Amino acid sequence: MWVRTPPSEAAGLVIVAISGPIGVGKSTVARLLAERLGIPCISAGGVFRELAARRGVSVVELNRLAENDPRIDHDLDRLQAELARSGPCVVESRLAGWMVQADLKVWLDAPLEVRAARVAGREGHDPGAARDELLARERSEWSRYRALYGIDIADRAPFHLIVDTSRWPPEAMADALALLTRGLRAASEAR
């Protein structure tokens, strides 16, 4: 069983969860959306990368450590859910759609080669090496999510919206999501 936050109760309170696999642009879209809405952005991926850097290991190595130490995942996931309860925010992580009770849950996706090219550019790797690392990280994470929480990463049932990020620039996606989020906020305030 995974941690669930209580539903939004305050009028106008809007929490947006953005999930998806590695390299789809979750962090970029979440940051842009949070800026447009004037609310905080909570990024589990950023925290995970920072944790890896603090330990002096790569994210792949930290994933391997997490395979034998479930506290790493539990701590990150618990912190994400707690932060989301503090008020309106955009929460970005691969598990946000399952871990956070959000008013709008968005799954971002893109073809593997597009994602690998993005990771290669971001981390300065060869595209082939980035693809291999991406697949290794995903295998590690997805098996942990199933073992720890019973989450099937292929299950899109929790999501209100699925977007292929290879089709639009991040700014356009953030604009569209901001429009949808403001619509939710207005509907909530009208009740």
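Quick caveat: nothing in here was measured; it's all calculated off a predicted structure.

Draft legend 1. Representation of the nonpolar core. Core analysis: the biggest nonpolar cluster contains 19 residues, and Val16, Ile18, Leu33, Val90, Val106, Leu108 and Leu177 have the highest contact counts within it. Listed by contribution, the elements that provide at least two residues to this core are β1 (15–19), α1 (26–37), β4 (104–109) and α8 (170–190). Per-element accounting of this core gives the leading share, five residues, to α1. Discounting residues that sit within four places of it in the chain, valine 16 has contacts with Leu33, Cys89, Val90, Val91, Ala102, Leu104 and Thr181.

Draft legend 2. How the structure looks around the environment of alanine 129. Its location among the elements puts alanine 129 in helix α7 (residues 127–149). Since its relative accessible area comes to 37%, alanine 129 is described here as partly exposed.

Draft legend 3. Expanded view of the sheet that holds β1. The sheet built from five strands is open, its strands ordered β2-β3-β1-β4-β5 with parallel pairing. A strand with exactly one partner marks an edge of an open sheet, and here the two such strands are β2 (41–43) and β5 (161–164). If you compare each strand with its neighbour and ignore which way they point, the axes differ by 20 degrees on average. Lying on the sheet, helix α2 (residues 44–55) is in contact with β2 and β3 (89–92); it crosses β2 at an angle near 45 degrees.

Draft legend 4. Local environment of the packing of helix α4 (residues 71–84) against α7. Two elements in contact, α4 and α7, have axes whose closest approach is 11 Å; the angle formed by their N-to-C orientations is 75 degrees. Here α7 runs roughly perpendicular to α4, going by the angle between their axes. Where α4 approaches α7, its residues Asp73, His74 and Asp77 are matched on the opposing element by Arg144, Leu148 and Tyr149. Each residue belonging to the contact of α4 with α7 can be placed in one class, and the counts come to two nonpolar, one polar and three charged.

Draft legend 5. Summary view of the side chain of glutamate 133. Note on placement: glutamate 133 falls in helix α7. For glutamate 133, which is buried and forms no salt bridge, the nearest opposite charge comes from arginine 137, at a distance of 4.4 Å. Those residues within four positions of glutamate 133 in sequence are excluded, and the remaining contacts are Val59, Val60, Glu123 and His125.

Draft legend 6. Focus on the pairing of β3. Of the two faces of β3, the one carrying Cys89 and Val91 and the one carrying Val90 and Glu92 are both buried. The pairing of β1 with β3 spans four bridges and is classified as parallel. Counterpart to isoleucine 18 in the pairing with β3 is glutamate 92.

Draft legend 7. Summary view of the layout of surface pockets. Looking at the largest pocket, its volume works out to about 300 Å³. Gly23, Val24, Gly25, Lys26 and Arg122 are the residues nearest the centre of the largest pocket, which is lined by 19 residues in total. Where the lining of the largest pocket is concerned, the elements lending two or more residues are α1, α2, α6 (112–123) and α8. Among the elements that make up the lining of the largest pocket, the one with the highest residue count is α1 (four residues). A per-class count over the lining of the largest pocket returns six nonpolar, six polar and seven charged.

Draft legend 8. Representation of the packing of α2 against α4 within the structure. Close contact between α2 and α4 brings their axes to 10 Å; oriented N to C, the two are set at 140 degrees. Taken as axis vectors, α2 and α4 run oblique relative to one another. Read as a crossing pair, α2 and α4 show a hand that is right-handed. Across the interface between the two elements, Ala44, Val47, Phe48, Leu51 and Arg55 from α2 touch Ile72, Leu76 and Gln80 from α4. Its residues assigned to classes, the contact of α2 with α4 shows six nonpolar, one polar and one charged.

Draft legend 9. Structural view of empty space enclosed by the protein. Considering all chains together, one arrives at one cavity of 30 Å³ or more under this definition. Roughly 190 Å³ of internal volume is contained in the largest cavity. As for the largest cavity, its lining consists of 18 residues, of which Ala44, Gly45, Phe48, Arg94 and Tyr145 are closest to the centre. Among the secondary structure elements, those contributing two or more residues to the lining of the largest cavity are α2, α4 and α7. Split by residue class, the lining of the largest cavity holds five nonpolar, four polar and nine charged.

So, how was this worked out
Residues numbered from 1 in each chain as written. Predicted model: local features only at pLDDT ≥ 70, side-chain atom pairs only at ≥ 80, totals over all residues. Heavy atoms only, no water. Core = buried A, V, L, I, M, F, W, Y, C linked by side-chain atoms within 4.5 Å. Buried < 20%, exposed > 50% of the residue type's maximum accessible area, 1.4 Å probe, protein only. Helix = DSSP H or I, 4+ residues; strand = E, 2+ residues; numbered from the N terminus. Contact = heavy atoms within 4.5 Å. Pairing = 2+ DSSP bridges. Axes fitted to C-alpha atoms, helices over the stretch in contact; angles between N-to-C directions. Parallel < 35°, antiparallel > 145°, perpendicular 65-115°, else oblique. Nonpolar A, V, L, I, M, F, W, Y, C, P; charged D, E, K, R; others polar. Lys, Arg positive; Asp, Glu negative; His and termini not counted. Salt bridge = Lys/Arg side-chain N within 4 Å of Asp/Glu carboxyl O. 1 Å grid on protein atoms, 1.4 Å probe; cavity = no way out; pocket = protein on both sides within 12 Å on 5 of 7 lines; lining within 4 Å. Points joined across faces, edges and corners; volume = space filled by probe spheres on them. Left-handed = near helix turned anticlockwise from the far one by under 90°.

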